[in-house]
Amino acid sequence: MTAMSSTMGMTADLLQRLDLLREQRVLDVGTGAGVTAAVASFICGYAGVITLDIDRHVSEAARARLMALGYQPAVVTGDGLAGWPGPSPYDRIFVSFAVPRIPPALVAQLAPGGRALMTLGTSSPSWPGLAVITRSPNGVVEAELVAVEFGHRGGAGFDRLFLSAAFRNRITASDCGRTRRSRLEPSADTDRAMWLALDHLHPGLIRDFSAEDLTIGAPRCGSWVRARRVGHRRWEVTSFGPRDIWAEIHDVADRWRAAGSPHTYRLEIDDDGGRPQCPWNQDSV
């Protein structure tokens, strides 16, 4: 709850993408503080809004807070991955936590002409992707994965990686890694779709954005890379562990540029959820 103030800009941007309209039926998955439910009630009218949370204590607190604002959407408790099928289908579905795969139940509850948004990721939170799912008026479901700067954190049961303080300190202080010079230029931070592709093709990597140098670790195997610019197109690269993370970065970057530097990826949705389809693998963007 205390994180809402720092994520309000992201929440506002996502609600703009959701394109809420008057009298739409909305399923808000992950009630939390009730912010998105309040906005949906204000724009759409609360009669068509259902907000769902897995924690009944959160639901009860949000219900009281929303009533104090003059809104009375249906506040229910249950597993967000299963949605709330009774009043479905919904014109808009908003999921406020990251999922490892697209929940088929939520896709099934999306109305013709509807749209759903949710953060989709592997185990790493460093390079989030926003899944945008639509159902056409004739019922055809399409989905794309958009590289974004910020995404929601993992929901219940989503095992997310992180760089512990001890691991970060070990990278900073280590003098046992292999050091080499490289003329390869890493992709810019703003090339978010490239980093998103890295996350999906070489999972398990975490970026330490607080570090002065480009620092990426793989906690599960102990590998890491630290790259420092030492001149024009000259980098000092120190790496450690069984993975060559520097080579993985440039392999994906080459493939991404050869594919035309796409900003989004097509998602295939099956009974197990959504899988990103990179343009160099199967489908073009």
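Preceding block: the structure.
Each value, and the rule that gives it
- Residues numbered from 1 in each chain as written.
- Predicted model: local features only at pLDDT ≥ 70, side-chain atom pairs only at ≥ 80, totals over all residues.
- Heavy atoms only, no water.
- Helix = DSSP H or I, 4+ residues; strand = E, 2+ residues; numbered from the N terminus.
- Buried < 20%, exposed > 50% of the residue type's maximum accessible area, 1.4 Å probe, protein only.
- Contact = heavy atoms within 4.5 Å.
- Pairing = 2+ DSSP bridges.
- Axes fitted to C-alpha atoms, helices over the stretch in contact; angles between N-to-C directions.
- Core = buried A, V, L, I, M, F, W, Y, C linked by side-chain atoms within 4.5 Å.
- Right-handed = clockwise from strand over helix to strand, strands pointing away.

Asker: Hey, could you go over unusual backbone geometry for me, with residue numbers and the actual values?
Answerer: In most cases, non-glycine residues show a negative phi, while peptide bonds are predominantly trans. In the segment running from Ser88 into Pro89, the intervening peptide bond is cis, with an omega of 10 degrees. Mapped onto the elements of the fold, Pro89 is located in the loop between β3 (74-77) and β4 (90-95). A positive phi angle, close to 55 degrees, is found at Asp19, a residue other than glycine. Residue position: Asp19 is located in the loop between α1 (4-18) and β1 (26-29). With phi around 70 degrees, Glu23 is a residue other than glycine that occupies positive phi space. Within the secondary structure, Glu23 sits in the loop between α1 and β1.

Asker: For helix α6 (residues 192-201), give the residues involved together with the corresponding values.
Answerer: Across the 10 residues that make up α6, a large majority, seven, are buried. Every buried residue of α6 is accounted for by Ala193, Met194, Trp195, Leu196, Ala197, Leu198 and Asp199. Looking at the buried positions of α6, the neighbouring elements they touch are β6 (129-135), β7 (141-147), β10 (214-218), α7 (245-258) and β13 (264-270).

Asker: Explain the environment of Gly154 residue by residue, including any values.
Answerer: Structurally, Gly154 is set in the loop between β7 and α5 (165-173). The exposure class of Gly154 is partly exposed, given its relative accessible area of 29%. In sequence terms Gly154 and Ser96 are 58 residues apart; their C-alpha atoms lie 9.2 Å from each other. Not counting the four nearest positions on each side in its chain, Gly154 is found in contact with Phe97, Ala98 and Arg160.

Asker: Tell me about the sheet that holds strand β12 (residues 234-240), and name the residues and values.
Answerer: As summarised here, the arrangement of the five strands in space is β8-β12-β11-β10-β9, forming an open sheet in which the pairing is antiparallel. The sheet is open, and its two edges are formed by β8 (178-182) and β9 (206-207), each paired on a single side. As paired elements, β10 and strand β11 (residues 223-231) share five bridges and run antiparallel to each other. In the strand pairing of β11, Leu214 is matched with Ala227. Across the sheet, α5 touches β10 and β11, and the angle it forms with β11 is around 45 degrees.

Asker: Lay out the nonpolar core in plain terms, naming residues and giving numbers.
Answerer: Within soluble globular proteins, side chains that are nonpolar generally end up buried alongside one another. Ranked by size, the top nonpolar core spans 45 residues in total, and within it Ile93, Met118, Trp195 and Ile216 carry the most contacts. Those residues in contact with Ile93 that sit more than four places away from it in its chain are Leu18, Leu27, Val29, Leu106, Gln109, Leu110, Arg115, Ala116 and Leu117. Counting 15 residues, the second-largest nonpolar core is a separate cluster that includes Leu15, Leu20, Leu130 and Val148.

Asker: Account for the pairing of strand β2 (residues 49-53), with residues named and values stated.
Answerer: Side chains on a regular strand alternate between the two faces of the sheet. Counting buried residues along β2, five of its five residues qualify, which places the element largely inside the surrounding structure. Side chains Val49, Thr51 and Asp53 project from β2 onto one buried face, and the interleaved Ile50 and Leu52 project onto a second face that is buried too. Sheet analysis places β1 next to β2, joined by four bridges and oriented parallel. Residue pairing across strands places Val29 opposite Leu52, the latter belonging to β2. Note that the unit made of β1, helix α2 (residues 35-44) and β2 has a crossover that is right-handed. Direction of pairing for β2 relative to β3: parallel, over a ladder of four bridges. Residue pairing across strands places Thr51 opposite Val75, the latter belonging to β3.

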